[in-house]
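Each chain, written out:
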Amino acid sequence: MIEKKQVVQKEEKAVIVGVITKDQTDRQVQEFLDELVFLAETAGATTLKRFTQKLSHPDRATFVGKGKLEEIQQYIASRDVSLVIFDDELTGSQIANIEKVLKVKTIDRSDLILDIFARRARTAQAKVQVELAQYQYILPRLRGMWSHLERQGGGIGSRGPGETEIETDRRIVKDKIALLRKRLAEIDKQSLTQRKERGEFIRVALVGYTNVGKSTIMNMLSKSEVFAENKLFATLDTTTRKVVFEQTPFLLSDTVGFIRKLPHHLVESFKSTLDEVRESDILLHVVDISHPQYEEQIEVVNRTLQELKAFDKPTIMVFNKMDLYEANTFDKWLEEDIKKDILQSLKQNWDTKTNGNTVFIAALERRNVEELRKTIMDKVAQLYKERYPYKTEFFY
């Protein structure tokens, strides 16, 4: 049986590689690579160098050109590098061709994300979802990636990578995918029963880019202890808590963060976990406003919500980390009146874009928490009156 092992070893030294195509700018690619470095750190690797190359389209055989591959090879030979990470998906043959030249393990962004998810999965549901996504990733890469498969756990038999062995592996992987889907369907049925048993409560779900502070806000609002860490994908399993504001109860759920270039098969596998988003009544879209590309992150989240068919729900934009935003934006010599004008302009701009559904907070400092509570409370109360009017008198 093909088994998966950790792709990235702790304290492994890595280099990362990105291609700048005609529809991308240098700045955009550097932002993608910044995020890739953070992903590598989350998995336990240290990035020593990044390589980029401008190409009209990636090379079919080795993704980057022959000269760039030789440059990477020379750098690796002079350093203690054991891992190369590409920012875009590679085919099985590309991985095999690159490893033949570089003589070190080569993975792509999707493989790295799957590795992080595998480490962070805690519940049976998350573990099955990640394993399913891993096998779906492997299946189209079986031909031409035999050595890559071996370092994930080994092939079948001992006769070498012939057609028979590849077909055998393909059948085993397909059988495993079918088995995992069946298991996931059983878990989903149990989860659906649990959700139905929650009764007629308004449901609020925290959504947003990864590492924007959703779990911190969850802890703050529900007074519970949900795992929060300054790493990508700290939360994989959906956590739901009953919260009561001014005698009015509702259910608050924390969900997995989204990210650029999130592997499609991973989104597919995690759709059952994200049922909390689809079945929610109100979304709290948390944004790290201190991040230089926070508007692009908002777009990524919105696109993912559209894919989940959850984009049209009542949404409150929660701009978190205002303390960091001010520290990054304002010079210490800047006059207070000018600071206030800038902040007022920022808030007016987003109030206009969201029809006033915005709150600006600093969760760690607990700044503006009461305004957030009131905004949520107003939305929840409004929905109770519309959907369950017979409960309104009991609550108030």
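Since we're looking at a predicted model, the values are computed, not measured.

**Q** Even after reading the chapter, I still don't get the overall build of the chain, so can you show me in this structure?
**A** When helices and strands are counted, the chain shows 15 helices and ten strands. Counting all 396 residues of the chain, 54% fall into the buried class. Partitioning the intrachain contacts of the chain with sequence separation of at least 6 by distance along the chain shows that 72% fall at a separation of at least 24. Entry remark: accessible area of the chain is about 19,100 Å², with carbon and sulfur atoms responsible for 48%.

**Q** Explain the sheet that holds strand E7 (residues 248–254) to me, please; I cannot follow it from the model alone.
**A** Two strands in a sheet stick together by hydrogen bonds in their backbones, pointing the same way (parallel) or opposite ways (antiparallel). The sheet built from six strands is open, its strands ordered E6-E7-E5-E8-E9-E10 with mixed pairing. Among the strands making up the open sheet, the edge pair consists of strand E6 (239–245) and strand E10 (358–360). Geometrically, the sheet is characterised by an average inter-axis angle of 25 degrees between neighbouring strands, direction not taken into account. The pairing of strand E5 (residues 203–208) with strand E8 (residues 282–288) spans five bridges and is classified as parallel. Note that in E8 the partner of Ala 205 across the bridge is Leu 283. Strand contacts of helix H8 (residues 214–222): E5, E6, E7, E8 and strand E9 (315–320), with the helix running at about 40 degrees to E6, the strand carrying the most contacts. Packing of helix H14 (residues 369–387) onto the sheet brings it into contact with E5, E6, E7, E8, E9 and E10, and relative to E7 it is tilted by some 110 degrees.

**Q** Hey, could you run me through the pairing of E7 in this one?
**A** Side-chain direction in a regular strand flips from residue to residue, so the side chains alternate between the two faces of the sheet. Among the seven residues in E7, seven count as buried, and that is most of the element. Here E7 shows a buried face lined by Thr 248, Phe 250, Leu 252 and Asp 254 and a second buried face lined by Pro 249, Leu 251 and Ser 253. Hairpin geometry of E6 and E7 is characterised by an intervening segment of two residues between the two adjacent antiparallel strands and by a positive phi of about 50 degrees at Glu 246.

Reading the values: rules and limits
Within every chain, residues take consecutive numbers counted from 1 along the sequence as written. For this predicted model, a pLDDT threshold of at least 70 governs which residues receive local features, and a threshold of 80 or more governs which side-chain atom pairs are given and counted, while totals over whole chains, interfaces and linings are taken from all residues. The basis for the side-chain values is all heavy atoms of the structure; hydrogens and waters are excluded. Labels follow the DSSP assignment, with helices taken as runs of H or I lasting at least four residues and strands as runs of E lasting at least two, numbered in each case from the N terminus. Partly exposed describes any residue whose relative accessible area lies between the buried limit of under 20% and the exposed limit of over 50%, with all areas from a 1.4 Å probe on protein chains only and scaled to the type maximum. Any pair of residues with heavy atoms lying within 4.5 Å of one another is described as a contacting pair. Areas reported here follow the Shrake-Rupley algorithm with a probe of radius 1.4 Å; residue values treat only the protein chains shown as occluding. Between any two strands, at least two bridges found by DSSP are needed for them to pair. Geometry is summarised by axes, namely lines fitted to C-alpha atoms with helices restricted to the contacting stretch, and by angles between N-to-C directions that run from 0 to 180 degrees.

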